[in-house]
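These are the residues of each chain, in order.
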Amino acid sequence: MCGIVGIHSHGQVNQELYDALTMLQHRGQDAAGIMTTEGSKLNLRKDNGLVRDVFHADEHMMRLRGKLGIGHVRYPTAGVTSAAEAQPFYTNMPFGISLAHNGNLTNADELKLELFSEDRRHLNTESDSEVLLNVFAHELLSQNKMRLQPDDIFAAVSGVHRRCRGAYACVAIITGYGLLGFRDPFGIRPVVYGRRRAAEGYEYMIASESVALNALGFELVADILPGEAIFITTDGKLYKRQCAANPVYSPCIFEYVYLARPDSLMDKIYVHKARLRMGMKLADRIKREWADHDIDVVIPIPDTSRVPASELASELGVPYREGYVKNRYIGRTFIMPGQGQRKKSVRQKLNPIEVEFRGKNVLLVDDSIVRGTTSKEIIEMAREAGARKVYFASASPPVRYPNVYGIDMPSSSELVAHGRTIPELEKLLGADRLIFQELDDLIDAVLHKHATIERFDCSVFTGKYITQDISPEYLSQLELFRSDAAKQARKQGPTSVIEMENAGAR
Ligand SMILES: O=P(O)(O)OC[C@H]1O[C@H](OP(=O)(O)OP(=O)(O)O)[C@H](O)[C@@H]1O
Ligand SMILES: NC(=O)CC[C@H](N)C(=O)O
Ligand SMILES: [Mg+2]
């Protein structure tokens, strides 16, 4: 999961793109980038780091001039972490197109070969997003038009649907023409759009999550539906089209569990409410299966589990206490790149308030257990702080299978619950009792009364991939290339990379 944003405004967009990216920072902490267009000139700044570190006022922000632009915060799931793979990506032919992508292509390798040998296009990085951009560019070129019409752009998006597999929510600038947003036919990753009234007419914004719209005073119009594309021309006309032959509304359920901010409205579901219902369902399970529990206090693992934990406590009728103080200067640990950094960061990030633990039976609640980095450390900390019994509940089922759609969980062997029973996990993590949400309850909690979603991608819990094209060979290749060990081994090589854009003086 990365964060994407695009704005078409009547004023300069640089600061607004920056502000939107800070609202989406929780979706990617590795790199950030902004591309703006001013007439026919494009301005790009991208680098590794948090939004606040990548853009400096005089050096970059002042130079990102233009009334139309796109931005990206990256959490890598393909290629490498080099700054050259920060987004947006750009290709000159045709018209000058720049693109920012959230998701992950599962046929990037085949497409790379096709692009090279059949479409005669050049790729300069290992990124699947550069592949996606070039497929779109080739499809646009194939329309064979000197002047583009919205129909040509939508036809090119249909071409992307035919060729690209996996997850993609994208924003793109077609220089001189306008701003495009589109979503894969399964709608795996989220993307919404909104508008704001200005004296000169409406201004438009496309973003991964509605929180970015709220913060900038845009009203949410709708989700871009699976397979749909919207195009806003440089003079502010909006066109919308369903471009996929067979769209199936099936977003990733893990967005609701962990990835998204609770204050986002996503596919017409309030993430906050979905998380409250997760807490309620989990409490029901405890009441059903452990009626005589001896829990004295419910303690959340900040940040994400606060919402389900509070509802769980109130349903159980047990006090809810903030037992861990979160260091506000440490980011999300799960989306950090290496296991060493993740492990160290848990201790730096969370510190127990001893009085909430001493002599008590505590139920620690988290939204998920993935690699077990957080839960293992946290349980140990609870014991060190003097807890009598340490129980642990997860608002989602055990994560047992890799993700191939934009979450960097490439390797089943890194997932603590893979191939382990609950008693084995209790032992490994050091919990006196471990309680997981049932998948049906999680689905009920998220779906609630919403009929438009046909199903969810629940692959991290079930190993069944919504696109139905993930072979065991693909998964072993993924593990080989992207496991922590593989990434670590690659780091042993030269650390400074000479990239195309860095070759000359900047
Ligand atoms: O089992 P693990 O591999 O540790 O992964 C799961 C943990 O990681 C996430 O927290 P994170 O610190 O990323 O973000 P948060 O502050 O939003 O909870 C998630 O909320 C769990 O706490
Ligand atoms: N998490 C994402 O959406 C990643 C986007 C893209 N696959 C990259 O690695 O840059
Ligand atoms: Mg957490």
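Note that the coordinates shown come from a computational prediction; the quantities given were computed from them, not determined experimentally.

**What about the packing of aromatic side chains?**
In this description, a pair of aromatic rings is defined by centroid distance and the angle of the planes. For the structure on display, the rule yields 12 aromatic pairs. With a centroid separation of 5.2 Å and 75° between ring planes, the pair formed by Phe 95 and Tyr 177 is classed as edge-to-face. Of the two residues, Phe 95 is situated in the loop between strand 5 (89-91) and strand 6 (97-105) and Tyr 177 in the loop between strand 7 (166-174) and strand 8 (178-183); the sequence distance between them amounts to 82 residues. When its relative accessible area of 9% is taken as the criterion, Tyr 177 is described as buried. Between Phe 136 and Phe 182 the ring centres are 6.0 Å apart and the planes differ by 25°, which places this aromatic pair in the stacked class. A residue pair is termed long-range when its members are at least 10 positions apart, and Phe 136 in helix 4 (residues 128-141) and Phe 182 in strand 8 qualify at 46 residues. Residue class for Phe 136 comes out buried when judged on its relative accessible area of 0%. Site record: aromatic cluster; members linked through ring pairs are Phe 254, Tyr 258, Phe 334 and Phe 461.

**Here's the deal with the UniProt feature "binding site: Mg(2+)" (unreviewed entry) in the protein**
Mapped onto this numbering, the UniProt entry annotates "binding site: Mg(2+)" (unreviewed entry) at Thr 304, Asp 366 and Asp 367. Taken together, the annotated residues stretch across 64 residues yet fold into one region, lying no more than 7.5 Å apart by C-alpha. With respect to the element layout, Asp 366 can be found in strand 19 (residues 361-366). Residue classification places Asp 366 among the buried positions, given a relative accessible area of 7%.

**Regarding the site of ligand 2**
In the vicinity of ligand 2, 15 residues are found, and the nearest of them are Met 1, Cys 2, Arg 74, Gly 103 and Asp 128. At a separation of 3.3 Å, an oxygen atom of ligand 2 approaches a polar backbone atom of Cys 2. Comparing atom positions with the cavity grids shows ligand 2 to sit within the largest cavity. Mapped onto the shell around ligand 2, the elements with two or more residues apiece are strand 6 and helix 4.

**Details of the pairing of strand 21 (residues 433-436)**
The pairing of strand 20 (residues 389-394) with strand 21 spans 4 bridges and is parallel. Looking at strand 21, one finds that Ala 393 is bridged to Ile 435. A crossover links strand 20 with its parallel partner strand 21, the connecting element being helix 12 (residues 422-429), and its sense is right-handed.

**Quick notes on unusual backbone geometry**
In the segment running from Gln 87 into Pro 88, the intervening peptide bond is cis, with an omega of 5°. When you line up the elements, Pro 88 lands in the loop between strand 4 (68-74) and strand 5. That bond from Pro 302 to Asp 303 is cis: its omega, 0°, falls within 30 degrees of zero. In this fold, Asp 303 is placed in the loop between strand 16 (297-300) and helix 9 (306-316). Even without being glycine, Arg 120 reaches a positive phi, approximately 55°. Here Arg 120 is to be found in the loop between helix 3 (108-117) and helix 4. For His 448, which is not glycine, the phi dihedral falls at a positive 50°. Turning to its location among the elements, His 448 is positioned in the loop between helix 13 (439-447) and helix 14 (459-462). Look at His 448 and you get partly exposed, because its relative accessible area is 41%.

**Quick word on the site of ligand 1**
Lining the immediate surroundings of ligand 1 are 17 residues, of which Thr 304, Lys 349, Asp 366, Asp 367 and Thr 374 lie closest. Phe 334 places a main-chain nitrogen or oxygen 2.8 Å from an oxygen atom of ligand 1. When isolated, ligand 1 has an accessible area of 490 Å², and the protein chains bury 97% of it. Looking at the shell around ligand 1 residue by residue, the classes come out as 5 nonpolar, 6 polar and 6 charged.

The rules behind these values
Residues numbered from 1 in each chain as written. Chains lettered and ligands numbered in written order. Predicted model: local features only at pLDDT ≥ 70, side-chain atom pairs only at ≥ 80, totals over all residues. Heavy atoms only, no water. Phe/Tyr/Trp six-rings, centres within 6.5 Å; stacked < 30°, edge-to-face > 60°. Helix = DSSP H or I, 4+ residues; strand = E, 2+ residues; numbered from the N terminus. Buried < 20%, exposed > 50% of the residue type's maximum accessible area, 1.4 Å probe, protein only. UniProt positions renumbered as here; feature names shortened; annotations may be inferred. Near = heavy atom within 4 Å. Polar contact = N/O pair within 3.5 Å; in protein donor to acceptor, adjacent residues only side chain to side chain. 1 Å grid on protein atoms, 1.4 Å probe; cavity = no way out; pocket = protein on both sides within 12 Å on 5 of 7 lines; lining within 4 Å. Sits in = over half its atoms within 2 Å of the grid points. Pairing = 2+ DSSP bridges. Right-handed = clockwise from strand over helix to strand, strands pointing away. Areas by Shrake-Rupley, 256 points an atom, 1.4 Å probe, with all protein chains shown as cover. Nonpolar A, V, L, I, M, F, W, Y, C, P; charged D, E, K, R; others polar.

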